[in-house]
Every structure is written in structure tokens, then in C-alpha cells.
Amino acid sequence: MAAPPLLSLSQSQSQRLLFLSLSLPRPQLAPKPSSFSPARAASTAPPPPEGAGPAAPSRGDRFLGTQLAAEATARVLAPEDAERRRRRREKRKALARKPSAAACYGCGAPLQTADEAAPGYVHPATYDLKKRHHQLRTVLCGRCKLLSHGHMITAVGGHGGYPGGKQFVSADQLRDKLSYLRHDKALIIKLVDIVDFNGSFLARVRDFAGANPIILVITKVDLLPRDTDLNCIGDWVVEAVVKKKLNVLSVHLTSSKSLVGVTGVISEIQQEKKGRDVYILGSANVGKSAFISAMLRTMAYKDPVAAAAQKYKPIQSSVPGTTLGPIQIEAFLGGGKLYDTPGVHLHHRQAAVIHADDLPSLAPQSRLRARCFPANDTDVGLSGNSLFWGGLVRIDVVKALPRTRLTFYGPKKLKINMVPTTEADEFYEREVGVTLTPPAGKEKVEGWVGLQGVRELQIKYEESNRPACDIAISGLGWIAVEPLGVPSSNPDESAEEEDNGSGELHLRVHVPKPVEIFVRPTLPVGKAASQWYRYQELTEEEEELRPKWHY
């Protein structure tokens, strides 16, 4: 029997059959009985529809919902986010205080035309003219003009303020003007006065600087006694910085008057600033404006921007509180600005308690000279006597060796008087404002706070051939305590005292409240200091971790 003939399809018919086979629904395979699970079926079931047509959520709605759910979960899992948000709000508020309005280039006070006696005052016609020509940064206010001619015009009052003039701003308000610094990215140049090292150190400088790097600059080294070995001074300062646990990049010994050490500071600033702004920070009257002038003078030889900035530099004055706001200075060719800042007013310094007219008497104008009591050519002992350093300090010597000597380092205008302790109270009441100055004049004595702060000092010494310690008076200077400082005319007596080698001195120090008294290792000044000063013995690791000092 013959096979049936094969059907022949045309090309169009074959394409139609292929389309129909693809469009037909495929049969669903039943799940195996062994793999079926109601829980699994529920978990793999598609989510219920959230709407259809126009009511269906868009991709943007779904994304927003996911983000909101993630933030809610994060708030539950990380409650510290609230603290972070609070810190961010504080940072934004602090940065909002960064000065932006036009200010006097001499003191940093905002320019104003309303109050002629207040800082920042400019005559209205002058203000309008300068504003029209965009030259407000070249304006000097009326107070700065008077300060530049030697007038003692105070503007800071309140806690740590100064009597003797109309007060327009408090010390706390000046501190508040620096609060944005800790949140800003900057390089901090911290200045410390070597004559008042402890009083001007700003132990809590990190409250202002935050985590920003700090370069420590020691000013006024030209005031140290002649023949002082600066190698000893540099080592002493670094040791003091390490003890205070302040982390700094380096230490520089400088003089704004002779420009010594200023080049080294400028070199490190250029190396470390990396496009950041540079802020000069320090206590009131530490020499910030003088240091900036010295910087600009040194940089002007190579930097035309610094040369132009010399014309409009901050005013220098012996009045604490001369600078009343951050002063922006275009000083760097490669970006970043230099800022002079208001001095931090410290209530524990002598300048905080005396009259404004007496302030110049606290500032040494020339190199310090040691004033010894008793002198080498006298046989008078100190025990049972009181020494007055002007009207600001009284030292009662309760117990001392026959050859104990006190050496004073401070302003020459403050005279030193010695009387028996039994007569000290009467002598002070009679001579304060007359022989014992400051305060100078009977009218200032009426409001004088007196020497109400008293501190008992039990000073132990281990070696008789070197000073026992320094007694530093905040804002004034220091007194070196030498147990056997007076040469003996009897060699046998001298040898016997040196054999004893150790002992204790008892002093009672009176100062105005709230002036602070610091007992510290002796600052190695003078020619003899290089003979008794001992450098710290350090391991290689300790030497590497310590900041380096430069001169």
C-alpha cells in the first residue's frame, strides 16, 4: 500500500502556524507534593496591588517611601543621630558669627555713624564717600586715631574688664566672637609672652582652636636679661608645654621689635596653612598686632600682597582690648587670609584690677634687669622682713636661710621696698598710691581692691647651688628664689651650708584678688643660668614626640 503524500505548506502558512504556537498559553506544571509548603507559598506570593491605573504609586513615590522607612529605622537603631544633629546646628550658628560686615582695619569694630564715643565711629560724610567707592576696608575709626596718638581709651568692661573709661563690650562678648573658630578649618598661631609665660599661656586654648593645628610663638625674647642662653630658654619652654599637655606643631622664640625668629614662623605658616586662613590668637596685650606688623614687614620683601597690606595694619596700643573684632588682612599671595583677633581677657592678671592710666607701668619697655634683695654687699637677712613690689605684691619672709636671696624680674617702673613684717601693714596703708605705685594717686587708692589674696608657700629645695623655683605673678613678672644666693664672706660657713644641701623656705605672698600666683621651675635667664640649668634626658622616642623649637 502506498504511503500518503506529504502536505506541502506555503511560506505564509508556516509563519502563521509559528505565531499561533507561541501565543498559546503554556500548561502550568503542578508542584511536587513533597515540596509544597503553605508558609513558603505565603512568602513567595506577590504583594497585594497598591492601586491600579492613576492610583498606582509611581517609581518616585516608591523611592521616597523607601527612604523615609530607612530614616525611621536609623533613628530607632542610632539614637546618637540626635546628638550629631544638635552639634551640626551649633556649628552652623557659630559659623554664622564669622564677621562679614565692614569693620575698622585698626581694631576690627563694625563701622557705625551713630555714636561718636563708641568704637567704629566714622563721620557720616566719610562713610558715605568710602562706601560709594567701595573703600570701607581702608577706614580707621575715631577711637583708633586717638589710640595711635597715645590716648588710653578702654572699651572692654565686665568680667576681666578694665576701669578708667566708657565700656562698650564685655570680655565674654569678645570671647563669643571667637566661637566660630573651633568649627572653621584654620591654622592657629598662639602667642605667649615670655615675661608673663604662665599668665598669658591660655591653658584652655583648645576651647577656641578646636582640632585645628597650633604653632606656638613665644614673644618678647628681646626683653630677657643680657647673656641669656636661648638654648636653655627653648628647652625650658618645650618642657613646660609638654607638662601642660598641649599638642603643638612647633615652638618659635621671636621678637617683634628686632624681627628675630619671625622668618621661621612665616616659613612654617607657608608650609602648614595649605590654603587655610591663619588666625593669630593670644591673651590681651600679648603682642598680636606687633607680631602681625613684624610678619608683614618681613614678608614685604618677597610678597607684593604683604607689602600692600602694611598700609592698613592693626593698631598697636598698651590698652588691653585694643582689638575688638577679627581683622581680615590680605597677606598671602597663594591664597588664605591672615586674621588678627581680639585678645582673650583673663581675670587673673594684674592688668584686670588696676586703673587704665596705670597700665603702661606694667609693660616692660627695655631689657629686664635682675634686682636682688638683699644685695651682695649687705649683711641684712630676709627672715622677718616684708618686700613690696610696687603696690601690687607683698612677700612676707617667714623662714629663710641667712643667705637666701629673692631676685625680681619685671617692669622697672615698679619700685621694691623692704620693711620689717611687724611694720608692713602700717607702711602699706601710709604709702600706697605714693611710694607704692601702682595704683598712682590718692584718687585711685579710694577704689583700690587691696592685697586681699594671700598664699602660703612652703618651698623645698634639694640643691643649694641653683635656684629653688620661680614665683610668677600673673600679668607682672616673676621672682627667683635662691636659698644660698648671697655670697658668704666666711668660707667655713659657706661650706657648712652647702653640705646640708636641702631644706625648706616659708613665704607668704599677698596680691589683689583674683590675681594668680604660680610656682614653677626657674626660668634660666642671665649668664649664670647656663651653668646650673639641666637639660632633660630623653629617649629617642620621647625626643621624636616632643615639639621642636626654633629661633
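Everything numeric in this text was worked out from a predicted model, so none of it was measured. Residue numbering note: each chain is counted from 1, following its sequence as written. Only residues with pLDDT of at least 70 are given local features in this predicted model, and only at 80 or more are side-chain atom pairs given and counted; all residues enter the totals for whole chains, interfaces and linings. For the side-chain quantities, the full set of heavy atoms in the structure was used; hydrogens and water were omitted.

### Observations concerning the overall build of the protein chain
Then, number 1: Scanning the protein chain for helices and strands turns up 17 helices and 19 strands.
Then, number 2: Remark: exposure states derive from per-residue accessible area (1.4 Å probe, protein chains only) relative to the maximum for the residue type, with buried under 20%, exposed over 50%, and partly exposed in between. Residue burial in the protein chain is summarised as follows: out of 551 residues, 45% are buried.
Then, number 3: Here a residue-residue contact requires only that any non-hydrogen atoms of the pair lie within 4.5 Å. For the protein chain, long-range pairs separated by at least 24 residues make up 75% of all intrachain contacts whose partners lie at least 6 apart in sequence.
Then, number 4: Residue exposure ignores everything except the shown protein chains as possible cover, and the areas themselves are Shrake-Rupley values with a 1.4 Å probe. Counting only carbon and sulfur atoms, one obtains 53% of the accessible surface of the protein chain, whose full area is about 29,900 Å². Under the DSSP-based scheme used, a helix requires at least four consecutive residues in state H or I and a strand at least two consecutive residues in state E, with every element numbered from the N terminus.

### Here's the deal with the nonpolar core
Then, number 1: Side-chain atoms within 4.5 Å are what join buried Ala, Val, Leu, Ile, Met, Phe, Trp, Tyr and Cys residues into a set we call a nonpolar core. Formed by 48 residues in total, the largest nonpolar core has its most connected members in I194, F197, I218, I233 and V237.
Then, number 2: If you list the elements that add at least two residues to this core, you get strand 3 (186–193), helix 8 (206–209), strand 4 (214–219), helix 9 (230–243), strand 5 (250–253), strand 6 (277–282), strand 16 (477–482) and helix 16 (529–532).
Then, number 3: Boundaries of every domain are those given by an automatic assignment or by a domain database. Each of domain 2 (168–346) and domain 3 (356–486 + 501–523) gives at least three residues to this core.
Then, number 4: Excluding anything up to four places from it in sequence, I233 contacts I194, L224, T228, L253, L523, P524 and V525.

### A look at the side chain of S283
Then, number 1: Structurally, S283 is set in the loop between strand 6 and helix 11 (288–299).
Then, number 2: Take S283: its relative accessible area is 0%, and that puts it in the buried class.
Then, number 3: The contacts of S283, once residues within four sequence positions are left out, are S200, L202, K288, G343, V344, L346 and R349.

### Examining the pattern of salt bridges
Then, number 1: A side-chain nitrogen of Lys or Arg and a carboxyl oxygen of Asp or Glu constitute a salt bridge if their distance falls within 4 Å. In this structure the tally under the stated criterion is 16 salt bridges.
Then, number 2: The partner of E456 in a salt bridge is R508, and the shortest N-O contact between them spans 2.6 Å. Of this pair, E456 sits in strand 14 (residues 453–461) while R508 sits in strand 17 (residues 503–511), placing them 52 residues apart in sequence.
Then, number 3: Judged by its relative accessible area of 42%, E456 is partly exposed.
Then, number 4: Note that E463 is salt-bridged to R534, the shortest N-O span being 2.6 Å. Taken together, the positions of E463 in the loop between strand 14 and strand 15 (469–473) and R534 in the loop between helix 16 and helix 17 (540–545) put the pair 71 residues apart, joining distant regions of the chain.
Then, number 5: Through salt bridges that share partners, R394, D396, D425, E456 and R508 make up one connected network.

### Description of the packing of aromatic side chains
The geometry of two aromatic rings is summed up by the distance between their centres and the angle between their planes.
Then, number 1: Any two of the Phe, Tyr and Trp rings considered here, Trp counted by its six-membered ring, make a pair once their centres fall within 6.5 Å; the pair's planes then place it as stacked at under 30 degrees, edge-to-face at over 60, or tilted in between. Considering all chains together, one arrives at 12 aromatic pairs under this definition.
Then, number 2: Where F388 meets F427, the ring centres are 5.6 Å apart and the plane angle is 45°; that geometry is what we call tilted. Remark: F427 occurs in helix 13 (residues 424–431) and F388 occurs in strand 10 (residues 385–389); sequence separation between them is 39 residues. Across the pair, exposure class does not vary: F388 and F427 are buried alike.
Then, number 3: For a Lys NZ or an Arg CZ to count as sitting over a ring, it must be within 6 Å of the ring centre and within 35 degrees of the ring normal. If you follow K190 out to its NZ or CZ, it ends over the ring of F201, 3.6 Å from the centre.
Then, number 4: The lysine or arginine in question, K244, covers the ring of F201, its NZ or CZ lying 4.9 Å from the ring centre.

### Some points on a positive patch on the surface
Then, number 1: Exposure above 30% relative accessible area and no salt bridge define the residues that can form patches, which grow by joining like charges within 9 Å and nonpolar side chains of Val, Leu, Ile, Met, Phe, Trp and Tyr within 5 Å. Note on charges: Lys and Arg go in the positive column, Asp and Glu in the negative column, and His and the chain ends are not counted at all. Each charge is placed at NZ for Lys, CZ for Arg, CG for Asp and CD for Glu. A surface patch of positive charge is lined by R226, R367, R369 and K412.
Then, number 2: Note that K412 resides in the loop between strand 12 (405–409) and strand 13 (416–420).
Then, number 3: The class of K412 is partly exposed, set by a relative accessible area of 43%.

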